[in-house]
Amino acid sequence: RVKHKDGHYIWREDNATFKYDENMQYAGANVICRDITKRIQNELITKAQYKIANLILTSKNLEELLETIQIELKSIINVNNFYVAIYDKKTDLLSAPFVSDIIDKNRKWKAEKSFTGIVIKNNQTLLINTEKEFEDYYYKGEAILLGKQAKTWLGVPLNINNEVIGAIVIQDYEKEYAYTEKEVEILQFISNQISIAIKRKKDEQQIRLLAKSIEQSPVSIVITNNEGIIEYVNSKFSEISNYSSEEIIGKNVNILKSGKQNSDVYKNLWDTISNGNQWFGELHNKKKNGEFYWESVNISPVVDENANITHYVAIKEDITERKNIYEELIHSKKQIEESE
């Protein structure tokens, strides 16, 4: 790796053939030099892409991922001044979960009339190569100077499901035309990887929140496959039924039947949900210890992208006490009517 006269670095392959005189003394060499920068860069890009794809799966959080991505990119392009900004549409604010910049350390700013905001608004890559190009934006009123002006600025939008969520930016404070189409292509690929990572982190966060909500729910939740085999129960289900999750998972949901309810109820239930509809009703069930109890049940089918039913989710509330009170009232009413 050698430094070019204009300041940028290239990779060179040298092939030397040594020459000797009749006394076998060294007399010089013929050296053939070949610029292999493109080949080396492609190899480095491929390695970086592979590493970044792995990082998406293994990184603990977004900031750690972005920091490691910057380290990987340093072998390919100049990313000394590098940040990722996330856009909040409601407030028109940009916030940076990761900033590595020798001058600007700002982590929150208005999107309006910022160059990052222009990238997001237009959903297009923006490369500014000269001070004059910057001044054109200022003159037209499309942008205002925020912090120290760079000599070269490159921003690429981040997209999730065709919605712009932010941008990835690199800038050079000392050199005009610091970036070329090569850097644009690399950053566009990286933006796609970062978008995938952000979506994955958001999905994981939502899944953790959902899982926590389900597990701590005050009602029983049971998930079965489309044949009624139990795949998940929350802690409230175990508390009510006396079955631990280890005991009940893999069993058919009919293990809970009390045997005291009309079979027409179950036929109606399965006809309803197998046709893709919700079923509401009351079921008379039996606990592990043989005790009977009543539940108010709401069962919903879960479908895949082809509208095929894959699972059923049952949300159940123990109404035994309420049911007993109601039956006692009915019984008392009958006794009063008979005595009259």
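Preceding this paragraph is the structure being described.
Here goes a summary of the coordinates provided.

What counts, and where the lines are drawn
Residues numbered from 1 in each chain as written. Predicted model: local features only at pLDDT ≥ 70, side-chain atom pairs only at ≥ 80, totals over all residues. Heavy atoms only, no water. Helix = DSSP H or I, 4+ residues; strand = E, 2+ residues; numbered from the N terminus. Rg over C-alpha atoms; globule rule 2.2 N^0.38 Å. Buried < 20%, exposed > 50% of the residue type's maximum accessible area, 1.4 Å probe, protein only. Contact = heavy atoms within 4.5 Å. Areas by Shrake-Rupley, 256 points an atom, 1.4 Å probe, with all protein chains shown as cover. Lys, Arg positive; Asp, Glu negative; His and termini not counted. Charge placed at Lys NZ, Arg CZ, Asp CG, Glu CD. Pairing = 2+ DSSP bridges. Axes fitted to C-alpha atoms, helices over the stretch in contact; angles between N-to-C directions. Salt bridge = Lys/Arg side-chain N within 4 Å of Asp/Glu carboxyl O. Patch = residues over 30% accessible without salt bridge, like charges linked within 9 Å, V, L, I, M, F, W, Y side chains within 5 Å. Core = buried A, V, L, I, M, F, W, Y, C linked by side-chain atoms within 4.5 Å. Phe/Tyr/Trp six-rings, centres within 6.5 Å; stacked < 30°, edge-to-face > 60°. Lys NZ or Arg CZ within 6 Å of the ring centre and 35° of its normal. 1 Å grid on protein atoms, 1.4 Å probe; cavity = no way out; pocket = protein on both sides within 12 Å on 5 of 7 lines; lining within 4 Å. Points joined across faces, edges and corners; volume = space filled by probe spheres on them. Nonpolar A, V, L, I, M, F, W, Y, C, P; charged D, E, K, R; others polar.

**Considerations on the overall build of the protein chain**
Argument step 1. Looking only at helices and strands, one finds nine helices and 15 strands in the protein chain.
Argument step 2. In summary, the protein chain has a C-alpha radius of gyration of 33 Å against a globular reference of 20 Å for 340 residues, an excess of more than 25%.
Argument step 3. By the burial criterion, 37% of the 340 residues in the protein chain qualify as buried.
Argument step 4. Counting contacts in the protein chain only where the partners sit at least 6 residues apart, residues at least 24 apart contribute 47% of the total.
Argument step 5. In the structure as shown, the protein chain presents an accessible area of about 20,900 Å², 50% of it carried by carbon and sulfur atoms.
Argument step 6. In the protein chain, 45 positive and 51 negative side-chain charges are present, and the distance between their average locations comes to 3 Å.

**Some details on the sheet that holds strand 10 (residues 163-172)**
Argument step 1. Spatial ordering of the open sheet is given by 7-6-5-10-9-8, a layout of six strands whose pairing is antiparallel. Here the strands that pair on one side only, and so sit at the sheet edges, are strand 7 (108-110) and strand 8 (126-128). Along the sheet, successive strands turn relative to each other by an average axial angle of 25°, direction set aside.
Argument step 2. Here nine bridges tie strand 9 (residues 152-160) to strand 10, and the two strands are oriented antiparallel to one another. Among the inter-strand pairings, Asn159 is bridged to a residue of strand 10, identified as Val164.

**Overview of the pattern of salt bridges**
Argument step 1. One pass over the structure, following the stated rule, counts 13 salt bridges.
Argument step 2. Between Glu43 and Arg39 there is a salt bridge, with the nearest N and O atoms lying 3.5 Å from each other. Of this pair, Glu43 and Arg39 both sit in helix 1 (residues 37-58), four residues apart, which is roughly one turn of the helix.
Argument step 3. What makes Glu43 partly exposed here is its relative accessible area of 39%.
Argument step 4. Between Glu291 and Lys287 there is a salt bridge; the shortest N-O distance is 3.6 Å.
Argument step 5. You can call Lys287 buried: its relative accessible area is 14%.

**Comments concerning the sheet that holds strand 15 (residues 309-318)**
Argument step 1. In space, the five strands of this open sheet follow the order 12-11-15-14-13, with antiparallel pairing throughout. What marks the edges here is a single partner per strand, and that holds for strand 12 (230-233) and strand 13 (279-286). Across the sheet, the axes of successive neighbouring strands diverge by a mean angle of 30°, strand direction being ignored.
Argument step 2. Pairing between strand 11 (residues 220-225) and strand 15: six bridges, direction antiparallel. Considered in strand 15, the bridge of Thr224 is made with Tyr312.
Argument step 3. Along the sheet, helix 8 (residues 263-274) contacts strand 13, strand 14 (292-303) and strand 15; its crossing angle with strand 13, the most-contacted strand, is approximately 135°.

**Topic: a nonpolar patch on the surface**
Argument step 1. Residues Phe18, Tyr20, Met24 and Tyr26 make up a contiguous nonpolar surface patch of roughly 520 Å² in combined accessible area.
Argument step 2. Take Tyr26: its relative accessible area is 52%, and that puts it in the exposed class.

**Some details on the nonpolar core**
In globular proteins that are soluble, nonpolar side chains generally tend to be buried together.
Argument step 1. With 35 residues, the main nonpolar core has Ile168 and Ile194 as its most contacted residues.
Argument step 2. Of all the secondary-structure elements, those providing two or more residues to this core are helix 1, helix 2 (62-73), strand 5 (82-88), strand 9, strand 10 and helix 5 (181-215).
Argument step 3. Residue contributions to this core peak at seven residues, all from helix 5.
Argument step 4. Contacts of Ile194, omitting those with residues within four sequence positions, involve Leu66, Ile69, Val84, Leu158 and Ile168.

**Quick notes on the side chain of Ser195**
Argument step 1. Following the sequence through the fold, Ser195 ends up in helix 5.
Argument step 2. Residue Ser195 is classed as buried on the basis of its relative accessible area, which comes to 4%.
Argument step 3. Setting aside residues up to four positions removed in sequence, Ser195 forms contacts with Leu158, Asn159 and Ile160.

**Focus: the packing of aromatic side chains**
Argument step 1. Taken as a whole and assessed by the stated rule, the structure comprises nine aromatic pairs.
Argument step 2. For the ring pair Tyr83 and Trp109, a centre distance of 5.5 Å and an interplane angle of 90° mean the geometry is edge-to-face. Of the two residues, Tyr83 sits in strand 5 while Trp109 sits in strand 7, which places them 26 residues apart along the sequence. As far as the burial class goes, Tyr83 and Trp109 line up, both buried.
Argument step 3. Pairwise contacts between aromatic rings join Phe115, Phe134, Tyr137, Tyr138 and Trp153 into one cluster.
Argument step 4. Directly above the aromatic system of Phe292 lies the positively charged group of Lys260, at a separation of 5.0 Å from the ring centroid.
Argument step 5. Sitting over the ring of Trp294, Lys323 keeps its end group 4.4 Å from the ring centre.

**Notes on the layout of surface pockets**
Argument step 1. The computed volume of the largest pocket comes to approximately 750 Å³.
Argument step 2. Taken together, 26 residues form the lining of the largest pocket, with His8, Tyr9, Asn78, Lys182 and Glu183 sitting closest to its centre.
Argument step 3. At the level of elements, strand 2 (9-10), helix 1 and helix 5 are the ones that each hand at least two residues to the lining of the largest pocket.
Argument step 4. Tallied by class, residues from the lining of the largest pocket come to ten nonpolar, eight polar and eight charged.

**Details of the pairing of strand 10**
Argument step 1. Within strand 10, nine of the ten residues are buried, which leaves the element mostly enclosed by the surrounding structure.
Argument step 2. Here strand 9 folds back onto strand 10, and the loop between the two strands holds two residues, one of which, Asn161, carries a positive phi near 50°.

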